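Here are the chains, one letter per residue:
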Amino acid sequence: MPEIKPIKITVFASGRGSNFKAILDNIKNKILAGQIVCVISNRQSSGTLETAREEKIPAFHITDRQFATAEEYEDSLLKILKDHKTELVVLAGYMKLVPACIIRAFKNRILNIHPALLPSFGGQGMYGHHVHEAVLKYGCKISGATVHLIDEEYDTGPPVIQVCVPVLEDDTPDSLAERVLKIEHKIYSQAIQLFAENRVVIEGRQVKIQKKK
Ligand code: GRF
């Protein structure tokens, strides 16, 4: 089988960074043909920045508040992405909207992961435990995880991979979150691998996966 060239990934993250760690591990274990070229976080105390620094991956703390204008902020993000020769942007628990100019510059090359089956339980304010609380409150029998391309709103881009997770009668938001997170850690790398293998074809809202050559 031909060797797959590692895809150059920039990770955006705000929080603890377990998805980022899973991606790193999968790269180290050669399950994923990727290279994390840089990490950007809007939170100084993000676990992701800490992990990146330990791994000697370039890590940047960037927020719009550090810049006089939105344009300067956006230019600075774009410059970092380009300087590190980013091919794919991976949002892993990133709590900010990505500026439109970056979405345009990386059209169909920005992924996000959401801890539910979109379009259910998505959108602004639907993050972390809020998602799982809402799933349980609704009485859903299944939940799941979605890897999707992003557009200019929260959680509305087309799905790349979706996997179901059963909701159990004695679930709490924490127990459901834990079961969903295990799936997230698998499918995020699987989705990235599809991009590394150049097997993703986008037709409108349909993300089609081509067979392996
Ligand atoms: C994950 O549940 C992901 O689906 C959501 O934010 C959470 C990030 O967790 N977008 P972590 O920082 O990767 O541990």
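Residues numbered from 1 in each chain as written. Predicted model: local features only at pLDDT ≥ 70, side-chain atom pairs only at ≥ 80, totals over all residues. Heavy atoms only, no water.

### Looking at the overall build of the protein
The helix and strand tally for the protein stands at six helices and nine strands. Taken over the C-alpha trace, the protein has a radius of gyration of 17 Å; the compact-globule value for 213 residues is 17 Å, and the two agree within 12%. Seen along its three principal axes, the alpha-carbon backbone of the protein occupies a region of about 50 × 50 × 35 Å. Burial status across the protein gives 50% buried among its 213 residues. Across the protein, the fraction of contacts at a sequence separation of at least 24, relative to all contacts at a separation of at least 6, is 65%. (Helix = DSSP H or I, 4+ residues; strand = E, 2+ residues; numbered from the N terminus. Rg over C-alpha atoms; globule rule 2.2 N^0.38 Å. Buried < 20%, exposed > 50% of the residue type's maximum accessible area, 1.4 Å probe, protein only. Contact = heavy atoms within 4.5 Å.)

### Digging into the pattern of salt bridges
Following the criterion strictly, the structure yields seven salt bridges and no others. Taking the shortest distance from any N to any O, the salt bridge between Lys-5 and Glu-87 comes out at 3.6 Å. Placement of the pair is Lys-5 in the segment before strand E1 (7-13) and Glu-87 in the loop between helix H3 (70-83) and strand E4 (88-91), with a sequence separation of 82 residues. Accessibility expressed as a relative area gives 57% for Lys-5, which makes it exposed. Here Glu-203 makes a salt bridge to Lys-208, at a shortest N to O gap of 2.8 Å. On the basis of relative accessibility, which here comes to 42%, the residue Glu-203 falls in the partly exposed class. Overlapping salt bridges bring together Glu-197, Arg-199 and Lys-212 as one network. (Salt bridge = Lys/Arg side-chain N within 4 Å of Asp/Glu carboxyl O.)

### A word on H3
The terminal C-alpha atoms of H3, which comprises 14 residues, lie 20 Å apart, in line with the 20 Å expected from a rise of 1.5 Å per residue. Listed in full, the buried residues belonging to H3 are Tyr-73, Ser-76, Leu-77, Leu-78, Ile-80 and Leu-81. Tucked inside the fold, the buried residues of H3 contact E1, strand E2 (34-41), strand E3 (59-61), E4 and helix H4 (100-105). Looking one or two places after H3, you find Lys-85, whose phi comes out positive at around 55°. (Expected span 1.5 Å × (residues − 1).)

### Considerations on the environment of Pro-6
By secondary structure assignment, the location of Pro-6 is in the segment before E1. When the C-alpha atoms of Pro-6 and Ile-27 are compared, they prove to be 9.0 Å apart, with 21 residues separating the residues in sequence. If we ignore the near neighbours within four places in the chain, the residues touching Pro-6 are Ala-33, Gly-34, Gln-35 and Glu-87.

### As for the layout of surface pockets
Taken as a whole, the largest pocket spans an internal volume of roughly 880 Å³. Together, 40 residues line the largest pocket, and Gly-93, Tyr-94, Met-95, Tyr-127 and Gly-128 are the ones closest to its centre. Elements with a contribution of two residues or more to the lining of the largest pocket: helix H1 (18-28), strand E5 (110-114), helix H5 (129-138) and helix H6 (173-196). Per element, the largest residue contribution to the lining of the largest pocket is six residues, and it comes from H6. Of the residues belonging to the lining of the largest pocket, the class tally is 16 nonpolar, 15 polar and nine charged. Here the lining of the largest pocket spans two domains, since at least three of its residues come from each of domain 1 (1-107) and domain 2 (112-213). (1 Å grid on protein atoms, 1.4 Å probe; cavity = no way out; pocket = protein on both sides within 12 Å on 5 of 7 lines; lining within 4 Å. Points joined across faces, edges and corners; volume = space filled by probe spheres on them. Nonpolar A, V, L, I, M, F, W, Y, C, P; charged D, E, K, R; others polar. Domains from an automatic or database assignment.)

### A word on the domain arrangement of the protein
Here the domain parsing of the protein yields domain 1 (1-107) and domain 2 (112-213). Here domain 1 and domain 2 have C-alpha centroids that lie 19 Å from each other. Contact residues are listed per partner, giving 23 residues for domain 1 and 18 residues for domain 2. Across the interface of domain 1 and domain 2, roughly 1900 Å² is buried in total on both sides, 67% from carbon and sulfur atoms. (Buried area = accessible area lost by both parts, 1.4 Å probe.)

### Some remarks on the packing of H1 against H6
Across the interface, H1 lies against H6 with an axial gap of 9 Å and an inter-helix angle of 50°. The pairing of H1 with H6 is recorded here as oblique in orientation. For the pair H1 and H6, the crossing hand works out as right-handed. Taking contact as the criterion, the partners of Ser-18, Asn-19, Ala-22, Ile-23 and Asn-26 in H1 are, on H6, Leu-181, Glu-184, His-185, Tyr-188, Ser-189 and Ile-192. (Axes fitted to C-alpha atoms, helices over the stretch in contact; angles between N-to-C directions. Parallel < 35°, antiparallel > 145°, perpendicular 65-115°, else oblique. Left-handed = near helix turned anticlockwise from the far one by under 90°.)

### A closer look at the site of the ligand
If you check the shell around the ligand, you find Arg-16, Gly-17, Ser-18, Asn-19, Gly-93, Ile-113, His-114, Pro-115 and Glu-184 and nothing else. Within the backbone of Ile-113, one N or O atom sits 2.8 Å away from a nitrogen atom of the ligand. At a separation of 2.7 Å, an oxygen atom of the ligand approaches a polar side-chain atom of Glu-184. Burial of the ligand by the surrounding chains reaches 86%, relative to a free accessible area of 370 Å². Mapping the ligand onto the cavity grids shows that it belongs to the largest pocket. Of all the secondary structure elements, the ones that give two or more residues to the shell around the ligand are H1 and E5. Split by residue class, the shell around the ligand holds two nonpolar, five polar and two charged. A domain-level breakdown of the shell around the ligand finds at least three residues from each of domain 1 (1-107) and domain 2 (112-213). (Near = heavy atom within 4 Å. Polar contact = N/O pair within 3.5 Å; in protein donor to acceptor, adjacent residues only side chain to side chain. Areas by Shrake-Rupley, 256 points an atom, 1.4 Å probe, with all protein chains shown as cover. Sits in = over half its atoms within 2 Å of the grid points.)

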